[in-house]
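Architecture at a glance
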Amino acid sequence: MTVWDDLVGQERVSEQLAAAARDADAFVTAAASDAPPPEASRMTHAWLFTGPPGAGRNQAARAFAAALQCVSPDRALGGVPGCGFCDGCHTALVGTHADVSTVAAVGAEILVKDMRDTVRKSFTAPANGRWQVILVEDAERLNEKSANAVLKAVEEPAPRTVWLLCAPSVEDVLPTIRSRCRHLVLSTPSVDAVADMLVRREGIEPDVAAAVARATQGHVDRARRLATDPAARARRTAVLKLPLRVEDVGGALRAAQELVDAAAEDAKQLAEEMDGKETEDLKAALGAAQGGRLPRGTAGAVKDLEDMQKRRRTRTQRDSLDVALADLTSFYRDVLALQLGSRIALANTDAEDALERLARASTPESTLRRIEAIAACGEALDRNVAPLLAVEAMTMALRAG
């Protein structure tokens, strides 16, 4: 199993990255033997991965990082870097490789203080003599200061440093940054490709794999979670019942409250799993005895950690609401397909009775207005409108049609 096997439906991108990894390996090999480097190379110091949610931007970037760090002996025999089994590949894929640094948005933005150490590390030589890889998973969330810090590092990188930036679209990244990157566009994988991956990689029954792949419309991560997590399936089922619960004002407001409460519970569960351990680990690192007081001058570090944890809870709640909004959009898209007599396959076949009921009881125009209300809710959340207010406005609009 190579590192490219996780890139579902991205054969063209896999071929480009594999070719670049071969050239990168040839460069490292030549440098180690004092031979002249290859004249033509498909390798470059900065890459921009774009594509719709679920296409696998981060997976593609991490697979490439693993291929760059591959130390398989088969490479000397003509093998392609990225075996998936060697120590370099394995540690890069699981996130423990010393020369692969990952930056992801904890809150709504990637702050400059979150980037400072990473940018500084990008100018150092790799510990293993291959490549220093910086993977930015949410490049669209770089704010002005953090984006400028990245720009300076990308403009004049160290000889063995590679930047991998991931964003939904090229427009989400500063023009000055994207102009210095090689751009790779990932597409939404087909439902059949996602279902096949779930059967091969996760051992899911074919009929279940086909159902969740169809329900998520090619979103690889959500399909995997729906197939393996009963709680995720239960949340989706509850969301798909929401359109039938907004027939009166009281029902619309209760549905909004329950949706926000469920998202808050997701954030709370993550906090319970991570916050306590992180805080205790930091206090131990700062020299505080078990249950004792912190040494003088270390309270600021604890406050920074608490701020980060608060931003992560907010982000988790927002991500959970985003999933719910995507499920609702998919539901009303199926309603619209029924109303227009479209031959496209329905995504939510497990809710077909509710789909047909709403299709008969409303018009295509009202369905389009409801889809627009869901999009408006997402935009309001992007502007940091209080989640309950944004979701209540949406459910009232769903009621009005």
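These numbers come from a predicted model, not from an experiment. (Residues numbered from 1 in each chain as written. Predicted model: local features only at pLDDT ≥ 70, side-chain atom pairs only at ≥ 80, totals over all residues. Heavy atoms only, no water.)

Observations regarding the pairing of strand β4 (residues 161–167)
Where we set the bar: Think of it in three bands: residues with accessible area under 20% of the maximum for their type are buried, residues over 50% are exposed, and the middle band is partly exposed, with areas taken using a 1.4 Å probe on protein chains only. Elements are defined by DSSP. Helices are runs of H or I of four residues or more, strands are runs of E of two residues or more, and each kind is numbered from the N terminus. We treat two strands as partners when DSSP finds at least two bridges between them.
β4 sits mainly inside the fold: seven of its seven residues count as buried. Residues Thr161, Trp163, Leu165 and Ala167 of β4 are buried on one face, and the alternating residues Val162, Leu164 and Cys166, pointing to the opposite face, are buried as well. Where strand β1 (residues 46–50) lies against β4, five bridges are found, and the strand directions are parallel. From the neighbouring strand, Phe49 faces β4, where its bridge partner is Cys166. Relative to β4, strand β3 (residues 132–136) runs parallel, the two sharing five bridges. By the bridge assignment, Ile134 is partnered in β4 with Trp163.

Observations regarding helix α3 (residues 87–94)
Looking at α3, one finds that the buried residues are Gly88, Cys89, Thr91 and Ala92. At the C-terminal side of α3, Gly95 shows a positive phi close to 90°.

With respect to the packing of helix α4 (residues 112–122) against helix α5 (residues 144–155)
Inclusion rule: Axis angles are defined between N-to-C directions and span 0 to 180 degrees, where every axis is a line fitted to C-alpha atoms and, for a helix, only to the segment in contact. When an angle is under 35 degrees it counts as roughly parallel; over 145 it counts as roughly antiparallel; between 65 and 115 it counts as roughly perpendicular; any other value is oblique. When checking whether two residues touch, look at their non-hydrogen atoms; a contact exists if any pair is within 4.5 Å. Ten residues, namely Ala, Val, Leu, Ile, Met, Phe, Trp, Tyr, Cys and Pro, are considered nonpolar, four, namely Asp, Glu, Lys and Arg, are considered charged, and the remaining ones, Gly among them, are considered polar.
Packing of α4 against α5 leaves a shortest axis separation of 9 Å and a crossing angle of 10°. When the axis of α4 is compared with that of α5, the two are roughly parallel. Residues Val112, Met115, Val119 and Ser122 of α4 pack against Lys145, Ser146, Ala149, Val150 and Ala153 of α5. Within the contact of α4 with α5, the residues separate by chemical class into six nonpolar, two polar and one charged.

Concerning the nonpolar core
Worth spelling out the cut-off: In this description, a nonpolar core means a group of buried Ala, Val, Leu, Ile, Met, Phe, Trp, Tyr and Cys residues linked to one another through side-chain atoms lying within 4.5 Å.
Membership of the largest hydrophobic core comes to 36 residues, with the highest contact counts inside it found for Trp4, Leu17, Trp47, Phe49, Phe64 and Leu164. Looking at this core, the elements with two or more residues in it are α1 (11–32), β1, α2 (57–68), α3, β3 and β4. The leading source of residues in this core is α2, at eight residues. Not counting the four nearest positions on each side in its chain, Trp4 is found in contact with Ser14, Leu17, Ala18, Ala63, Phe64, Ala67 and Pro81. Counting 32 residues, the second-largest nonpolar core is a separate cluster that includes Leu240, Ala252, Ala263 and Tyr332.

Here we look at the sheet that holds strand β5 (residues 182–185)
Judged by pairing direction, the sheet is parallel, and its five strands sit side by side in the order β2-β3-β4-β1-β5 without closing on themselves. Two strands bound the open sheet, and with one partner strand each, they are β2 (100–103) and β5. Along the sheet, successive strands turn relative to each other by an average axial angle of 15°, direction set aside.

A closer look at the pairing of β3
Which entries qualify depends on this criterion: Crossover handedness is defined by viewing with both strands directed away from the observer: a clockwise path from the first strand over the helix to the second marks the crossover as right-handed.
Where burial is concerned, most of β3 is hidden: five out of the five residues are buried. Every second residue of β3 is oriented toward a common face, with Gln132, Ile134 and Val136 on one face and Val133 and Leu135 on the other, all of them buried. Across four bridges, β2 lies against β3 in parallel orientation. Paired with Val100 across the bridge in β3 is Val133. The parallel pair β2 and β3 is bridged by α4, and the resulting crossover is right-handed.

Observations regarding the packing of aromatic side chains
Here is the rule: Only centres within 6.5 Å qualify two rings of Phe, Tyr or Trp (six-membered ring in Trp) as a pair; their planes then separate them into stacked at under 30 degrees, edge-to-face at over 60, and tilted for everything else. In this scheme, the term charge over a ring applies when either NZ of a lysine or CZ of an arginine sits within 6 Å of the ring centre and within 35 degrees of the ring normal.
Scanning the model with the defined rule gives three aromatic pairs in all. Summarising the aromatic geometry, the rings of Trp47 and Phe64 are spaced 5.0 Å apart at their centres and angled 70° between planes, so their arrangement reads as edge-to-face. Taken together, the positions of Trp47 in strand β1 and Phe64 in helix α2 put the pair 17 residues apart, joining distant regions of the chain. Overall, Trp47 belongs to the buried group, its relative accessible area being 1%. Judged by its relative accessible area of 0%, Phe64 falls in the buried class. Sitting over the ring of Trp131, Arg160 keeps its end group 5.9 Å from the ring centre.

Examining unusual backbone geometry
At Gln217, a residue that is not glycine, the phi angle is positive and equals roughly 55°. Tracing the backbone shows Gln217 in the loop between α8 (206–216) and α9 (220–228). At Asn384, a position not held by glycine, the phi torsion is positive, near 65°. Position of Asn384 relative to the elements: it lies in the loop between α14 (364–382) and α15 (387–400). Classification of Asn384 by relative accessible area gives exposed; the value is 64%.

Overview of the packing of helix α7 (residues 191–202) against α8
Operational definition: Two helices crossing with the near one rotated counterclockwise from the far one by less than a right angle form a left-handed crossing, whereas a clockwise rotation gives a right-handed crossing.
Between α7 and α8, the least distance of the axes is 8 Å, while the angle of their chain directions is 135°. Classified by the interaxial angle, the pair formed by α7 and α8 is oblique. In this structure, the crossing between α7 and α8 has a hand that is right-handed. Taking contact as the criterion, the partners of Val191, Val194, Ala195, Leu198 and Val199 in α7 are, on α8, Pro206, Ala209, Ala210, Val212, Ala213 and Arg214. Broken down by class, the residue content of the contact of α7 with α8 amounts to 10 nonpolar, no polar and one charged.

Describing the state of the cysteines
Note the following rule: Counting rule for disulfides: a pair of cysteine sulfur atoms within 2.5 Å.
Evaluated as defined, the whole model comprises zero disulfides. Cys83 carries a free sulfur, and the closest cysteine sulfur to it, the one in Cys86, is 3.6 Å from it. The buried category is assigned to Cys86, whose relative accessible area is 12%.

Describing a negative patch on the surface
Rule in force here: Patch membership requires more than 30% relative accessible area and the absence of a salt bridge. Residues of like charge join within 9 Å; the nonpolar side chains Val, Leu, Ile, Met, Phe, Trp and Tyr join within 5 Å. Per-residue and other accessible areas follow the Shrake-Rupley method at a 1.4 Å probe size, with only the shown protein chains counted as cover for residues. One side-chain nitrogen of Lys or Arg within 4 Å of one carboxyl oxygen of Asp or Glu is enough to make a salt bridge. Asp and Glu are treated as the negative residues and Lys and Arg as the positive ones, with His and the ends of the chain left uncounted. Charge placement uses NZ in Lys and CZ in Arg. For Asp and Glu, CG and CD serve respectively.
On the surface, Asp261, Glu265, Glu272 and Glu273 cluster together into a patch of negative charge. On the secondary structure map, Glu265 appears in helix α11 (residues 249–285). Given the relative accessible area of 37%, Glu265 is considered partly exposed.

Any functional reading would require information beyond the geometric quantities listed.
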